[in-house]
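Survey of secondary and tertiary structure
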Amino acid sequence: MIKRFISKMSNVLETKILKVDPASIHFPEDAHLNGSLPTITDPISEKNLLEAAKIIRGNLEPVAFPTETVYGLGGSSLSDEAVKSIYRAKNRPSDNPLITHVSSIDQLNRKIYQEKHSSLFQNIPNSYHPLISKLWPGPLTILLPVPLKTSALSKLTTADQPTFAVRIPSNPIARALIALSDTPIAAPSANASTRPSPTMASHVYHDLKGRIPLILDGGPCKVGVESTVVDGLSKPPLLLRPGGFTYEQIVELGGQDWKDCRVERRKVVAEGEQVRTPGMKYKHYAPSAKVILLVPKPQRTDSDRIEELKRLISQELQNEDANTIKKLAILTSLHLGATEIQDLTVGDSKIKPIVVKLGNTGEEIQANLFAALRQVDEIDNVNLIFVEGISEDREGLAIMNRLRKAAGDHCVSF
Ligand code: TXA
Ligand code: MG
């Protein structure tokens, strides 16, 4: 049965935002292997991190913190109460499993497998070794079998699946919080369920104010989309969710086993089937405004694209009661020039859309995507958002995965 851990109205919390300077945190080179602690040169950052670590160890309320991908909402993976508090704050369905974040492989062995290890990598299948030796710490999440006898993991973390998802983040604030609390931290993105993921502390505050006690503010996230989730336990291996590392990087760096890595492309899961990748079953990344994804046709000229965009806008104006489209935003990437669409004549009307350039490269578009969707939706309060997509290779695979979910059925080629 799918439960939602409904929050009680009386539990309104004061949500503090505390700054941490990532540049003040220094880990020894092998800390992600052997679990050495960081030195923190800024006393205020250290104090704020220790305050967050104390809440994590208390297991009652979750803490939001930055990772290199998006802000996470964390609680101990080992505590049912802590995991329930995450689902409750986000209003997230409890059959959507969470990613566990560890600061080192030593911590994985000690805290999840509860073993004094004879060899560091004993709990990680060989198929993952080339990938994690090159990509950890970083935005790569792997699936491991839930340890049968000695697992300390809360079943709520895994949504009762036989595998669990784990990564070592590279953001120094995330790593320090996990290391200082010495707790594996389950952390989904720190947005309210169905909303775009947060890449700034202000996004978290917008969604979860009054529902969580603390947000650590470490500035904007560099990567901007969530980690890449891979399953190296199945043969051939499977890319379950495209993310911060590209499919091309996984195939290139993973060694022989990953040469024929497949990509999970199903959009929905069957009734009763467990959720393997987010958004297959639930609404995801969705602003309140209607989003229309413009999928570029390879052979078109850019002026043809602008004509097609005008036709689409005119169609929307006719379809909807014109009054409901009071404000329009266009998020552009590689083809639409911002100046050409600043003033558009559509039929008899002159239209002044809010135009946001997402970037000139896959990495830039990825880093700006969620913040731009939130800006036009939550601050500018537009009713309709057109987003220019890109081709689905390299960063484009993760970007289009998120945009297709944000747009739902509203995808048009242009
Ligand atoms: O970048 C990220 O991964 C961010 C930051 C905060 O680290 N976290 C994140 O977590 O995106 P979340 O909970 O939104 O994504 C969890 C997804 C699940 O929806 C599912 O696709 C996959 O990870 N996952 C987790 N456990 C799994 C499992 N046992 N089997 C298959 N997929 C799993
Ligand atoms: Mg999420």
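Bear in mind the structure is a predicted one, so any value in this text is a computation, not a measurement.

About the criteria used
Numbering of residues starts from 1 in every chain and runs along the sequence as written. Here every chain gets a letter starting at A, and every ligand a number starting at 1, in the order they are written. Whole-chain, interface and lining totals are the exception, using all residues; otherwise, since this is a predicted model, local features are given only for residues with pLDDT of at least 70 and side-chain atom pairs are given and counted only at 80 or more. Excluded from the side-chain calculations are hydrogens and water; all other atoms, namely the structure's heavy atoms, are used. Secondary structure elements follow DSSP: runs of H or I of four or more residues count as helices, runs of E of two or more count as strands, with numbering from the N terminus. Buried, partly exposed and exposed residues are distinguished by accessible area as a fraction of the type maximum, computed with a 1.4 Å probe on protein chains only: under 20%, between the cut-offs, and over 50%, respectively. Contacts are assigned to residue pairs with any non-hydrogen atoms lying within 4.5 Å of each other. Per-residue and other accessible areas were derived by the Shrake-Rupley procedure at a 1.4 Å probe size, with only the shown protein chains allowed to occlude residues. Counted as positive: Lys and Arg. Counted as negative: Asp and Glu, with His and the chain ends omitted from the count. Here the site of a charge means atom NZ of a Lys, CZ of an Arg, CG of an Asp or CD of a Glu. Any two of the Phe, Tyr and Trp rings considered here, Trp counted by its six-membered ring, make a pair once their centres fall within 6.5 Å; the pair's planes then place it as stacked at under 30 degrees, edge-to-face at over 60, or tilted in between. Two strands are said to pair when DSSP picks up at least two bridges between them. UniProt positions are given in the numbering used here, feature names are shortened, and annotations may be inferred rather than shown by experiment. Where each domain starts and ends comes from a domain assignment, either automatic or drawn from a database. A simple way to read buried area is as the amount of 1.4 Å-probe accessible surface that goes missing from two parts once joined, with both sides added. Nonpolar core, defined: a set of buried Ala, Val, Leu, Ile, Met, Phe, Trp, Tyr and Cys residues in which side-chain atoms within 4.5 Å join the residues together.

1. Considerations on the overall build of the protein chain
- Along the protein chain, the regular secondary structure elements total twelve helices and 20 strands.
- Overall size of the protein chain, expressed as C-alpha extent along the three principal axes, is 75 × 50 × 45 Å.
- The buried share of the protein chain, taken over its 414 residues, is 55%.
- Taking contacts inside the protein chain between residues at least 6 apart in sequence as the whole, the part at least 24 apart equals 73%.
- Looking at the protein chain as shown, the accessible area adds up to about 18300 Å², and 51% of this sits on carbon and sulfur atoms.
- In the protein chain, the 50 positive side-chain charges and the 47 negative ones have mean positions that sit 4 Å from each other.

2. Thoughts on the packing of aromatic side chains
- Going through the model one piece at a time under the given rule, you end up with three aromatic pairs.
- Note on Tyr128 and Trp258: the rings are 6.2 Å apart at their centroids and 40° apart in plane angle, and the pair reads as tilted. Here Tyr128 is found in the loop between helix 4 (105-112) and helix 5 (129-135), whereas its partner Trp258 is found in the loop between helix 9 (247-253) and strand 13 (262-263), with 130 residues between them in sequence.
- Using a relative accessible area of 0% as the deciding quantity, one classes Trp258 as buried.

3. Regarding the pairing of strand 5 (residues 71-76)
- With six of six residues buried, strand 5 lies mostly within the body of the structure.
- Relative to strand 5, strand 4 (residues 63-66) is paired through four bridges, and the arrangement is antiparallel. What sits directly across from Val63, in strand 5, is Gly74.
- The loop that links strand 4 with its antiparallel partner strand 5 comprises four residues.
- Where strand 5 meets strand 9 (residues 185-186), two bridges bridge the pair, whose relative direction is antiparallel. Looking at strand 9, one finds that Ser76 is bridged to Ile185.

4. Section: the UniProt feature "binding site: ATP" (unreviewed entry) in the protein chain
- Summarizing the sequence annotation, UniProt attributes the feature "binding site: ATP" (unreviewed entry) to Arg92, Asn96, Thr163, Ser189, Ser197, Arg241 and Tyr285 in the numbering used throughout. The annotated residues occupy 194 residues of the chain and do not converge on a single region, their most distant C-alpha atoms lying 25.0 Å apart.
- Looking at the secondary structure, you find Asn96 in the loop between helix 3 (80-90) and strand 6 (99-101).
- The buried category is assigned to Asn96, whose relative accessible area is 6%.
- Following the sequence through the fold, Thr163 ends up in strand 8 (residues 163-167).
- Not counting residues up to four positions away in its chain, the partners in contact with Thr163 are Leu143, Leu144, Pro145, Val146, Thr158 and Leu233.

5. Some remarks on the sheet that holds strand 9
- The strand order 1-10-4-5-9-6-8-7-11-12-13 describes an open sheet built from eleven strands, whose pairing is mixed. Across the chains shown, the open sheet's two edge strands, defined by having one partner strand only, are strand 1 (16-19) and strand 13.
- As paired strands, strand 7 (residues 140-145) and strand 11 (residues 228-231) are joined by three bridges and run parallel to one another. Pairing of Ile142 across the sheet is with Val230, part of strand 11.

6. Topic: the domain arrangement of the protein chain
- Under the domain assignment used here, the protein chain contains domain 1 (9-263) and domain 2 (290-413).
- Summarising the inter-unit geometry, the C-alpha centres of domain 1 and domain 2 are found 32 Å apart.
- The interface is formed by 24 residues belonging to domain 1 together with 14 residues belonging to domain 2.
- Regarding the contact of domain 1 and domain 2, the summed buried area is about 1500 Å², with carbon and sulfur atoms giving 57% of it.
- If you sort the residues of domain 1 by the area they bury against domain 2, Pro196, Val225 and Pro242 come out on top, with a joint share of 32%.

7. A short note on helix 4
- By the criterion of burial, helix 4 is predominantly enclosed, with six of the eight residues buried.
- Taken together, the buried positions of helix 4 are occupied by Ile105, Asp106, Gln107, Leu108, Asn109 and Ile112.
- Residues of helix 4 that are buried sit in contact with helix 1 (31-34), strand 6, helix 5, strand 7, strand 8 and helix 7 (172-181).
- Immediately downstream of helix 4, the backbone of Gln114 shows phi near 50°, a positive value.

8. Structural notes on the nonpolar core
- Counting 31 residues, the largest nonpolar core has Leu108, Ile124, Trp136, Leu140, Ile142, Leu144 and Ile250 as its most contacted members.
- Breaking this core down by element, the ones donating at least two residues are helix 4, helix 5, strand 7, strand 8, strand 11, strand 12 (238-241) and helix 9.
- With four residues, the single largest contributor to this core is strand 7.
- Sequence-distant contacts of Ile142, that is, excluding residues within four places in its chain, are made with Ile124, Tyr128, Ile132, Trp136, Phe164, Ala165, Val166 and Val230.

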